[in-house]
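Inside the fold
Spelled out, the chains give:
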Amino acid sequence: MVELRAVTREDIERFFEHQLDSTANWMAASTSSDPADRATFEARWERNLGEPTIIIRTIVHRGEAVGYVATFLRNDSREVAYWLGRAHWGHGIATDALERFLTELQERPLHARVVQDNVASLRVLEKCGFQPVGRDRFFSRARGCEVDEVVLALGPSAISP
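An unreviewed UniProt entry annotates the protein as Acetyltransferase, GNAT family of Vulgatibacter incomptus.

**Here we look at the nonpolar core**
Counting 24 residues, the largest nonpolar core has Ile59, Val80, Leu98, Leu102 and Phe130 as its most contacted members. The set of elements that each furnish at least two residues to this core consists of strand S3 (64-74), strand S4 (77-84), helix H4 (93-104), strand S5 (110-115), helix H5 (119-127) and strand S7 (145-154). Sort the elements by how many residues they give to this core and H4 lands first, with six residues. Membership of the second largest hydrophobic core comes to eleven residues, among which are Val7, Phe15, Phe41 and Trp45.

**Some points on the packing of aromatic side chains**
Inspection of every chain in the model, using the stated rule, returns five aromatic pairs. Geometrically, the ring pair formed by Trp45 and Tyr68 is edge-to-face, given 5.0 Å between the ring centres and 85° between the ring planes. Here Tyr68 lies in strand S3 and Trp45 lies in helix H3 (residues 38-50), a separation of 23 residues in the sequence. Linked through ring pairs, Phe15, Phe16, Phe41, Trp45 and Tyr68 together constitute an aromatic cluster.

**What about H4?**
Between its terminal C-alpha atoms H4 stretches 17 Å, which fits the 16 Å expected from twelve residues at 1.5 Å a residue. The complete set of buried residues in H4 reads Ile93, Ala94, Thr95, Asp96, Ala97, Leu98, Phe101 and Leu102.

**Concerning the pattern of salt bridges**
Enumeration over the complete set of coordinates arrives at 17 salt bridges. The residue Glu64 makes a salt bridge to Arg14 at a minimum N-O spacing of 2.6 Å. Of this pair, Glu64 sits in strand S3 while Arg14 sits in helix H1 (residues 9-18), and the two are 50 residues apart along the sequence. Residue Glu64 is classed as partly exposed on the basis of its relative accessible area of 32%. A salt bridge links Arg113 to Glu149; the nearest nitrogen and oxygen atoms lie 2.8 Å apart.

**Describing the environment of Gly155**
Take Gly155: it is sitting in the segment after S7. Look at Gly155 and you get partly exposed, because its relative accessible area is 34%. Spatially, the C-alpha atom of Gly155 lies 4.5 Å from that of Pro109, the residues being 46 residues apart in sequence.

**Some remarks on the packing of H4 against H5**
Where H4 contacts H5, the two axes come as close as 9 Å, and the packing angle between them is 35°. Like other packed secondary-structure pairs, H4 and H5 cross with a definite hand, here right-handed. Here Ala94, Thr95, Leu98 and Glu99 of H4 lie close against H5, whose contacting residues are Val124, Leu125 and Lys127. Split by residue class, the contact of H4 with H5 holds four nonpolar, one polar and two charged.

Cut-offs used in this document
Residues numbered from 1 in each chain as written. Predicted model: local features only at pLDDT ≥ 70, side-chain atom pairs only at ≥ 80, totals over all residues. Heavy atoms only, no water. Core = buried A, V, L, I, M, F, W, Y, C linked by side-chain atoms within 4.5 Å. Buried < 20%, exposed > 50% of the residue type's maximum accessible area, 1.4 Å probe, protein only. Helix = DSSP H or I, 4+ residues; strand = E, 2+ residues; numbered from the N terminus. Phe/Tyr/Trp six-rings, centres within 6.5 Å; stacked < 30°, edge-to-face > 60°. Expected span 1.5 Å × (residues − 1). Salt bridge = Lys/Arg side-chain N within 4 Å of Asp/Glu carboxyl O. Axes fitted to C-alpha atoms, helices over the stretch in contact; angles between N-to-C directions. Left-handed = near helix turned anticlockwise from the far one by under 90°. Contact = heavy atoms within 4.5 Å. Nonpolar A, V, L, I, M, F, W, Y, C, P; charged D, E, K, R; others polar.

Put into structure tokens, the structure is as follows:
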């Protein structure tokens, strides 16, 4: 069982540690150009936390901040995203957190994007009701190449953004 709460300064420190993991970066594919750049990481978090169109919650499991779940606008489409520290993968935490977060969000449709070979993340989204609606391609800094991603949607009139 997880809980969601507002992000604290200590959480941002934990998130920085999580995103230093090269395996996690590979799976996420969409990462910063230099994950070790703490100043840029913290500045991005400060901007995101101050942006009214972005909602971010810390995922807490057994009293520990283990990741976050967020929603933001991309090209007038509302998307969701999440990040979980690798030590917490494979325990149903991401699915539980996303399900809880979705009850907080009233807006539909919602979209999500995931690199096509990230089978675990695709499964999390599908368990939460997201359905594939398209494909896209982008340059992954973490992988140093173009990658294919699956675009998913949840809700009525769920069309590809």
